[in-house]
Amino acid sequence: MSKKKQPKAKHSGPERTVVTTNRKARHDYDILDTYEAGLVLSGTEVKALRQGRGNIVDAYAEVRNGEARVHNFHIPEYDYGTWTNHPPRRIRKLLLHRGEIAKLGPKLDEAGLTLVPLSVYFQNGWAKMELGLARGRKTYDKRQAIAKREADREIEKAVGRAAKRGQ
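A brief report on the enclosed structure follows.

Rules behind the numbers
Residues numbered from 1 in each chain as written. Predicted model: local features only at pLDDT ≥ 70, side-chain atom pairs only at ≥ 80, totals over all residues. Heavy atoms only, no water. Helix = DSSP H or I, 4+ residues; strand = E, 2+ residues; numbered from the N terminus. Contact = heavy atoms within 4.5 Å. Patch = residues over 30% accessible without salt bridge, like charges linked within 9 Å, V, L, I, M, F, W, Y side chains within 5 Å. Areas by Shrake-Rupley, 256 points an atom, 1.4 Å probe, with all protein chains shown as cover. Salt bridge = Lys/Arg side-chain N within 4 Å of Asp/Glu carboxyl O. Lys, Arg positive; Asp, Glu negative; His and termini not counted. Charge placed at Lys NZ, Arg CZ, Asp CG, Glu CD. Pairing = 2+ DSSP bridges. Polar contact = N/O pair within 3.5 Å; in protein donor to acceptor, adjacent residues only side chain to side chain. Phe/Tyr/Trp six-rings, centres within 6.5 Å; stacked < 30°, edge-to-face > 60°. Lys NZ or Arg CZ within 6 Å of the ring centre and 35° of its normal. Core = buried A, V, L, I, M, F, W, Y, C linked by side-chain atoms within 4.5 Å. Buried < 20%, exposed > 50% of the residue type's maximum accessible area, 1.4 Å probe, protein only.

### Details of the side chain of serine 119
Among the secondary structure elements, serine 119 is positioned in strand S6 (residues 113-123). For serine 119, the contacting residues outside a window of four places in its chain are Thr20, Thr21, Ile56, Lys128, Met129 and Glu130.

### Some points on a positive patch on the surface
A cluster of basic side chains, namely Arg149, Arg153, Lys157, Arg161 and Arg165, defines a positive patch on the protein surface. On the secondary structure map, arginine 161 appears in helix H4 (residues 139-166).

### Structural notes on the pairing of strand S4 (residues 67-71)
Put simply, side chains in a regular strand alternate between the two faces of the sheet. Here strand S3 (residues 60-64) runs beside S4; their pairing, made up of 5 bridges, is antiparallel. Paired with glutamate 62 across the two strands is arginine 69, which belongs to S4. As paired strands, S4 and strand S5 (residues 92-95) are joined by 3 bridges and run antiparallel to one another. The residue bridging alanine 68 from the neighbouring strand is leucine 94, located in S5.

### Section: the side chain of glutamate 62
Along the polypeptide, glutamate 62 turns up in strand S3. Engagement of the side chain of glutamate 62 in a polar contact is seen with the side chain of histidine 71, the distance being 2.9 Å. In this view, glutamate 62 contacts Glu67, Ala68, Arg69 and His71; residues no more than four positions away in its chain are not counted.

### Thoughts on the packing of aromatic side chains
Summed over the entire model, instances satisfying the criterion amount to 0 aromatic pairs. It is arginine 92 that lies over the ring of phenylalanine 73; its NZ or CZ is 5.3 Å from the centre.

### Some points on the nonpolar core
Leu39, Leu49, Phe73, Leu94, Val120, Met129 and Leu131 are the most contacted members of the largest nonpolar core, which totals 26 residues. Secondary-structure elements contributing two or more residues to this core are strand S2 (29-39), helix H2 (43-50), S4, helix H3 (98-109), S6 and strand S7 (126-136). Filtering out sequence-adjacent residues up to four positions away, leucine 94 remains in contact with Ala37, Gly38, Leu39, Ala61, Ala68, Arg69, Val70, Met129 and Leu131.

### Digging into the pattern of salt bridges
Scanning all chains against the criterion turns up 7 salt bridges. In this structure, the salt-bridge partner of glutamate 45 is arginine 92, at a minimum N-O distance of 2.9 Å. Of this pair, glutamate 45 sits in helix H2 while arginine 92 sits in strand S5, placing them 47 residues apart in sequence. We note a salt bridge from glutamate 67 to lysine 93, for which the minimum N-O separation is 3.4 Å. Of the two residues, glutamate 67 sits in strand S4 while lysine 93 sits in strand S5, which places them 26 residues apart along the sequence. Classification of glutamate 67 by relative accessible area gives partly exposed; the value is 26%. Connected via shared salt-bridge partners are Glu45, Arg90 and Arg92.

### Concerning unusual backbone geometry
In this model, asparagine 65 sits at a positive phi of 55 degrees, which is unusual for a non-glycine residue. Here asparagine 65 shows up in the loop between S3 and S4. Positive phi outside glycine occurs at asparagine 72, with the angle close to 60 degrees. When its relative accessible area of 30% is taken as the criterion, asparagine 72 is described as partly exposed.

As structure tokens, then:
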């Protein structure tokens, strides 16, 4: 008598715990493409991020000498750290595939394109950063985006009211 193997329960997807997001980036930039990169961090940096501390509002990434690095990513010192604590605004290395770095290099050399961090999160225990290849918006573009968003909101409200009346 042979035993049939039970199929393993399918995992619903990678567990993602968001630490911080850069909401200002989607307002100031048009995001053309997104990338997911790992972060090279020290122990106290990981512990501080697990506490939900970190700021990417002023951060930006660059590709130089075949390596991607993030600048101005602020991770405050770990509260219970000792002399092993990290400097809060050090330059941190990003882990991207070689092909992605090769494609990003020439794109970043174009005028007006930059690599902006959109969010930092833990996925299956690993610290990750979502990066966006972005083009800066002018002030009038920002106003147009706000007006479009408000118009869409008004349309949704009107449709909702009409649906309620029709019931």
